[in-house]
Amino acid sequence: MGVVVTKVTQNLLLILVGAAVLWITVATDEYLNYVKPGFRFLLVAAAVALIALGSVGVRKEGREAARPLTGQKDEHGHDHGRGPRVAWLLCLPAFTIFLIAPPALGSFTASRGTARSAVPARQPDEGFGPLKSRSGGAPVEMTLGEFIGRSFEAQTGDPSRLKGFPVKLTGFATPRTKGGWYLSRLRMACCAGDAIALRVMVQNAPAPRPDAWVQVIGTWMPPTTGTVSTGVHELSASTVQPIKKPRNPYES
């Protein structure tokens, strides 16, 4: 026989799930591991609705429990107002959300999602504007998506628009099966389930541990002579600096 869940248990589960969603959206930023920032208010509204529904249900059941117990048993003497105590174990998944929230996708997804890698990245209709050297040779900070887009543009057009310009990129380390490593970031359209990998191959620098977040300063490496539009985007690194995981681990 299946586990019988009492109405009180069902309502408490609604409250727990709602509280867990509020926890990851209001008390912390854990929701950014699963959905885009724009979904925060929808999640909060859904959590409040779950808590409200569960609270109304618990209150209703409390009033009914205070009434005289008449008509609660059938002709066989079975009480349908209660279920076995094991039903409370169904609350455990809701509790685990508070204690063991699943992390954001990382190098495992990036290394296995080669067929879904984003090439080229989104770019303006008129293309990317020319880079300008900064005073003191300071690197130009850009997203991985922009670097990949500029690399694709340089491979199919004028390489001088990117070659020799120092850039600063942020991402996490992903090992390569053939040695070396990628600087990676994931981009999602809606949620983590549709995430695609943005990856830049890093040369001339030892590989950090997998999933370590780093900032890399370096210059674009054009493809091998005679090869055009390889779909591989490389960076010759001059420095690799460990950093903390960003508040939003996904790239916009």
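For the structure, check the block above.
So, here is what we can say about the structure in this document. Bear in mind the structure is a predicted one, so any value in this text is a computation, not a measurement.

### As for the overall build of the protein chain
Per the secondary structure count, the protein chain includes 5 helices and 6 strands. Its helices and strands in sequence order give the protein chain the pattern α-α-α-α-β-α-β-β-β-β-β, from N to C terminus. Per-residue burial over the protein chain gives 33% buried out of 252 residues. At a minimum sequence separation of 6, the contacts of the protein chain that also span at least 24 residues come to 73%.

### Points about unusual backbone geometry
Despite not being glycine, Asn204 has its phi angle at roughly 65 degrees, a positive value. Of the residues examined, Asn204 reaches a relative accessible area of 62% and is grouped as exposed. The backbone of Asp211 shows a phi angle near 75 degrees, a positive value even though the residue is not glycine. With respect to the secondary-structure elements, Asp211 resides in the loop between strand E4 (196-203) and strand E5 (213-221).

### So, a positive patch on the surface
Taken together, the side chains of Lys7, Arg59, Lys60 and Arg63 define a basic patch exposed on the protein surface. Tallying contributions element by element places helix H2 (residues 40-66) first for the positive patch, with 3 residues. Within the secondary structure, Arg63 is located in helix H2.

### A closer look at the pattern of salt bridges
All chains considered together, the criterion is met by 4 salt bridges. In this structure, Arg247 and Asp29 form a salt bridge, with 3.0 Å as the shortest nitrogen-oxygen distance. Taken together, the residues Arg247 in the segment after strand E6 (234-242) and Asp29 in the loop between helix H1 (7-27) and H2 connect sequence positions 218 residues apart.

### Digging into the nonpolar core
Counting 22 residues, the largest nonpolar core has Phe147, Leu169, Leu183 and Val216 as its most contacted members. Going through the elements one at a time, helix H5 (144-156), strand E2 (166-175), strand E3 (181-187), E4, E5 and E6 are the ones with two or more residues in this core. It is H5 that contributes the most residues to this core, 4 residues altogether. When residues no more than four places from it in sequence are discounted, the contact partners of Val216 are Val167, Lys168, Leu169, Trp181, Leu183, Val202, Leu235, Ala237, Thr239 and Val240. Counting 10 residues, the second-largest nonpolar core is a separate cluster that includes Phe172, Leu186, Met188 and Ala197.

### Thoughts on H5
Side chains of residues three or four places apart in an α-helix project in the same direction, reflecting 3.6 residues per turn. Here H5 spans 18 Å end to end across 13 residues, near enough to the 18 Å set by a 1.5 Å rise per residue. The element H5 is largely enclosed, with a buried count of 10 among its 13 residues. Considered for burial, the residues of H5 that qualify are Leu144, Gly145, Phe147, Ile148, Gly149, Arg150, Ser151, Glu153, Ala154 and Gln155. Those residues of H5 that are buried lie in contact with E2, E3, E4, E5 and E6.

### Describing the pairing of E2
Within a regular strand, side chains alternate between the sheet's two faces. The element E2 is extensively covered by neighbouring structure, given that 7 of its 10 residues are classed as buried. As paired elements, strand E1 (residues 140-141) and E2 share 2 bridges and run parallel to each other. Within E2, the position partnered with Val140 by the bridge is Val167. Taken together, E1, H5 and E2 constitute a β-α-β crossover, and its handedness is right-handed.

Here is what the cut-offs are and how they apply
- Residues numbered from 1 in each chain as written.
- Predicted model: local features only at pLDDT ≥ 70, side-chain atom pairs only at ≥ 80, totals over all residues.
- Heavy atoms only, no water.
- Helix = DSSP H or I, 4+ residues; strand = E, 2+ residues; numbered from the N terminus.
- Buried < 20%, exposed > 50% of the residue type's maximum accessible area, 1.4 Å probe, protein only.
- Contact = heavy atoms within 4.5 Å.
- Patch = residues over 30% accessible without salt bridge, like charges linked within 9 Å, V, L, I, M, F, W, Y side chains within 5 Å.
- Areas by Shrake-Rupley, 256 points an atom, 1.4 Å probe, with all protein chains shown as cover.
- Salt bridge = Lys/Arg side-chain N within 4 Å of Asp/Glu carboxyl O.
- Lys, Arg positive; Asp, Glu negative; His and termini not counted.
- Charge placed at Lys NZ, Arg CZ, Asp CG, Glu CD.
- Core = buried A, V, L, I, M, F, W, Y, C linked by side-chain atoms within 4.5 Å.
- Expected span 1.5 Å × (residues − 1).
- Pairing = 2+ DSSP bridges.
- Right-handed = clockwise from strand over helix to strand, strands pointing away.

By themselves, these observations are geometric and do not establish any function.
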